[in-house]
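If you want the building blocks of each chain, they are given just below.
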Amino acid sequence: METDGKAPNGSGFRNFRKAFTSAKKFRFSPEVPCRLIDYLGDANYIKLEDDSATFKRAVNFFRNILNEIEVENHKEHFKLFVNETPETGFLVNVVEVHRQPPRKVQNCLACDTESETNRTSRLEYSFTKNQECNMLHQIWLDAKARPMFIITPIRHIERLSECTDDEIFQMFYLACKVLEEETINSKAPWERLEFEKMTLNHGNARNLAHLHLKVSVKENQFNWFREHGWDQEKIAKYNLLLTGLYRKDKRLKKLK
């Protein structure tokens, strides 16, 4: 069965549901198809310029999704995906997950500044160094050296619904901002900000407790960023992660 509806508070999204035998899948999209970066007001958006209208629209969109998933449908363990194509614009897909809880670790990778993996994978960009930018998140290379970037709240948060409005907006905004900077710095031959998917895991769908947004890109595009836009320090960090640093890091040892 498939249904179509609107958000109760007027922020607006279409919701398509389809039942499966072992899990439920939900799909959400804006009323008017568009790219995620455009929905967030472009890569140089400033809240005060439109009286926060774009900010409120984006936050309400994600709040409404979380309300339907966690409150109305009582789902605790799920994967939230953001996908995008030129034809459909961006879509949010939520899939319920049935699996065992993740094993606890000695220290949180995102919080433990003594961890070599933490120090190696942490990234800085021109906009993160701007003192006027109120950074609520950290940006990382993937600790397992996969073709993706990671966004985590600075606070130790485990669910998107625990985030403040500013943290929700900035998480997705920074994901687009990182892709923009990587594309510009590497003089990439493609014109659009592109990503394969963004992923937020909740509950037993996680391997790490700290909420983290995975921003996955195509491997050939990631390699282009690395070969044409990264400085030697960033390349050295990535090469160290390629050696399996994450698995060797004793501070991140899984507990029995």
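Residues numbered from 1 in each chain as written. Predicted model: local features only at pLDDT ≥ 70, side-chain atom pairs only at ≥ 80, totals over all residues. Heavy atoms only, no water.

1. Quick word on the packing of aromatic side chains
At step 1: Tallied over the entire structure, the rule returns 16 aromatic pairs.
At step 2: Through successive ring pairs, a cluster of aromatic residues spans Phe149, Trp190, Phe222, Trp224, Phe225, Trp230 and Tyr238.
At step 3: Above the face of the Tyr39 ring, Arg57 is positioned so that its terminal group lies 4.2 Å from the ring centre. (Phe/Tyr/Trp six-rings, centres within 6.5 Å; stacked < 30°, edge-to-face > 60°. Lys NZ or Arg CZ within 6 Å of the ring centre and 35° of its normal.)

2. What to know about the pattern of salt bridges
At step 1: Taken as a whole, this structure holds 11 salt bridges when the rule is applied.
At step 2: The residue Asp112 makes a salt bridge to Arg251 at a minimum N-O spacing of 2.6 Å. Linking Asp112 in the loop between strand S4 (89-96) and helix H3 (116-121) with Arg251 in the segment after helix H7 (245-248), this pair joins segments that are 139 residues apart in sequence.
At step 3: Its salt-bridge partner being Lys234, residue Glu182 comes within 2.6 Å of it at the nearest N-O pair. Of the two residues, Glu182 is situated in helix H4 (residues 165-185) and Lys234 in helix H6 (residues 232-242); the sequence distance between them amounts to 52 residues. For the pair formed by Glu182 and Lys234, the shared burial category is buried. (Salt bridge = Lys/Arg side-chain N within 4 Å of Asp/Glu carboxyl O. Helix = DSSP H or I, 4+ residues; strand = E, 2+ residues; numbered from the N terminus. Buried < 20%, exposed > 50% of the residue type's maximum accessible area, 1.4 Å probe, protein only.)

3. Digging into the pairing of strand S9 (residues 213-216)
At step 1: Taking every second residue as pointing to the same face, both faces of S9 are buried, with Leu213 and Val215 on one and Lys214 and Ser216 on the other.
At step 2: Relative to S9, strand S7 (residues 148-153) runs antiparallel, the two being bridged by four bridges. Looking across to S9, one finds that Ile151 is bridged to Leu213. (Pairing = 2+ DSSP bridges.)

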